[in-house]
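# Summary of the model geometry
These are the residues of each chain, in order.
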Amino acid sequence: MRAGVFVGVDQPLSLEDLTPLPPGPNDVVVRIDASGVCHTDAAVLHGHLPWDAPSILGHEVAGTVVEIGSGVDRVHVGDRVISSGLPACGNCFSCVRGQSHLCEFTFQISATPRARRGDGTSVAAFASLGGFADVMTVPEFSIVPVRTELPAEQLALIGCAITTGIGSVFNTAQLPPGASVTVVGLGGVGQCVVQGARIAGASRIFAVDPVALKRDVAAAQGATDLIDPAAGDPVEQIRERTEGRGTDHAFEVVGRPDTMLTAYHATRRGGVVTMVGMPPADSTIAFNGLELFLDAKQIRVSNMGSSQIRRDFPRYVALAETGRLDIASMISRRIVLDDVNDAFRSMDAGEVIRTVIT
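Now for a look at the structure at hand. (Residues numbered from 1 in each chain as written. Predicted model: local features only at pLDDT ≥ 70, side-chain atom pairs only at ≥ 80, totals over all residues. Heavy atoms only, no water.)

A word on the sheet that holds strand 14 (residues 225-227). Ordered by their spatial adjacency, six strands build an open sheet running 14-13-12-15-16-17, and the pairing between neighbours is parallel. In this open sheet, the two edge strands, each paired with only one partner strand, are strand 14 and strand 17 (298-301). Adjacent strand axes in the sheet meet at a mean angle of 20°, parallel and antiparallel pairs treated alike. Of the strand pairs in this sheet, strand 12 (residues 180-184) and strand 15 (residues 247-252) are connected by four bridges, and their pairing is parallel. Residue pairing across strands places Thr 182 opposite Ala 250, the latter belonging to strand 15. Lying on the sheet, helix 3 (residues 152-173) is in contact with strand 15, strand 16 (267-275) and strand 17; it crosses strand 15 at an angle near 125°. The sheet strands contacting helix 4 (residues 188-200) are strand 12, strand 13 (204-208) and strand 15, and the helix crosses strand 12 at an angle near 170°. (Pairing = 2+ DSSP bridges. Helix = DSSP H or I, 4+ residues; strand = E, 2+ residues; numbered from the N terminus. Axes fitted to C-alpha atoms, helices over the stretch in contact; angles between N-to-C directions. Contact = heavy atoms within 4.5 Å.)

Written out as structure tokens, the structure is:
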């Protein structure tokens, strides 16, 4: 199989021909029909998320089942499936308590070898998927079969961006109708937060990003107020439009300490701040202790949208089928695997919302 292999921090992915390892009894072999290029892949590439090389990147995938292991009973050959960007065992302390996004074995599962180079070197697959390839071998519990006519390029985004963004609104923040919202960061996941807030019935959505393209897309997705940080302190801009208070809810979707503080300070006293972006491993964030106490803001963290994939993936498919969720407008570029390194360049440059390999 052909695959894009992570070989070292800030090194271009190596496009290689690999030999897949035989699937185990609970594994499923999936032909990859579409794979999104996500900021989490970039976090590995740039060293913000420590990861061992070599490993096949790509974790936002839709495909078709071509082979199943002897113990697989939930999917069948020919099924269309969406993969989960966060593997979970289904049996640990967190999983059995409905928090599979906090699975205790996520990283162990992700380290499973899935292919071999010509020299015999084992190659793992990021998130136990490895979506930058022709095929992938995955645990049965990492995929959900769906019956839909939606194109694969849209289904792929449900595997991470949609689930992370909309899940942060529905599951983590549990946004009530009529709430005012700030969204800091308008990449692929941020656009999904905007859409989730619109679907949930937010009264006002402040969309914050320095890139005009991303603010324009957010406006089309339902944002009511566009905030350009270059025009002045975004917190002050938001407070000026909210009688000096800030919004009921704020979502940080970048993963930087400065933008986390922006989201925190853009939230009114007693409001809810939901951290969605994944910060670098060596980052820290500091709050004034007395302010934290007096303002009584709730800080929540949304890992993969606090989602349960077998429950949530079909919900998001239904929202897209009925037109309430617009996935198509999030796809800025369609490429082939050979162009994957340019996809990272364009993402880092802020030129795209989402690039999809088809």
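Now that the structure is up, let's keep going.
A few words now on empty space enclosed by the protein. Scanning all chains against the criterion turns up one cavity of 30 Å³ or more. Approximately 40 Å³ is the volume attributed to the largest cavity. Every residue lining the largest cavity is listed: Met 1, Ile 56, Arg 114, Ala 125, Leu 129, Gly 130, Val 135, Met 136 and Thr 137. It is strand 10 (residues 135-139) that provides the largest number of residues to the lining of the largest cavity, a total of three residues. Looking at the lining of the largest cavity, its residues break down into six nonpolar, two polar and one charged. (1 Å grid on protein atoms, 1.4 Å probe; cavity = no way out; pocket = protein on both sides within 12 Å on 5 of 7 lines; lining within 4 Å. Points joined across faces, edges and corners; volume = space filled by probe spheres on them. Nonpolar A, V, L, I, M, F, W, Y, C, P; charged D, E, K, R; others polar.)

Residues Ile 158, Ile 162 and Leu 325 are the most contacted members of the largest nonpolar core, which totals 49 residues. Listed by contribution, the elements that provide at least two residues to this core are helix 3, strand 12, helix 4, strand 13, helix 5 (212-221) and helix 9 (309-321). Among the elements that take part in this core, helix 3 stands out by supplying 10 residues, more than any other. If we skip the residues at most four places from it in the chain, Ile 162 touches Leu 157, Gly 167, Cys 192, Tyr 316, Leu 325, Ile 327 and Met 330. Of all hydrophobic cores here, the second largest spans 40 residues; its members include Val 65, Leu 129, Ile 143 and Ile 335. (Core = buried A, V, L, I, M, F, W, Y, C linked by side-chain atoms within 4.5 Å. Buried < 20%, exposed > 50% of the residue type's maximum accessible area, 1.4 Å probe, protein only.)

Here Lys 297 shows up in the loop between helix 8 (289-295) and strand 17. Buried charged residue Lys 297 carries no salt bridge. Nearest counter-charge: Asp 295, at 4.2 Å. At 2.7 Å, the side chain of Lys 297 forms a polar contact with the backbone oxygen of Tyr 264. Contact partners of Lys 297, with chain neighbours within four places excluded, come to Tyr 264, His 265, Thr 267, Arg 268, Arg 269, Gly 270, Gly 271 and Leu 292. (Lys, Arg positive; Asp, Glu negative; His and termini not counted. Salt bridge = Lys/Arg side-chain N within 4 Å of Asp/Glu carboxyl O. Polar contact = N/O pair within 3.5 Å; in protein donor to acceptor, adjacent residues only side chain to side chain.)

Turning next to the layout of surface pockets. Of the pockets and cavities examined, the second largest pocket occupies roughly 340 Å³. Looking at the second largest pocket, it is lined by 19 residues, and the ones nearest its centre are Ala 88, Ser 100, Phe 141, Ile 309 and Arg 310. Grouping the constituent residues of the lining of the second largest pocket by class yields eight nonpolar, seven polar and four charged.

Another point: the environment of Val 181. Tracing the chain through its elements places Val 181 in strand 12. Judged by relative accessible area, Val 181 falls into the buried class, the value being 0%. Once the C-alpha coordinates of Val 181 and Pro 87 are considered, the two residues, 94 residues apart in sequence, prove to be 30 Å apart. Excluding anything up to four places from it in sequence, Val 181 contacts Leu 175, Ala 197, Ala 202, Arg 204, Ile 205, Phe 206, Thr 247, His 249 and Phe 251.

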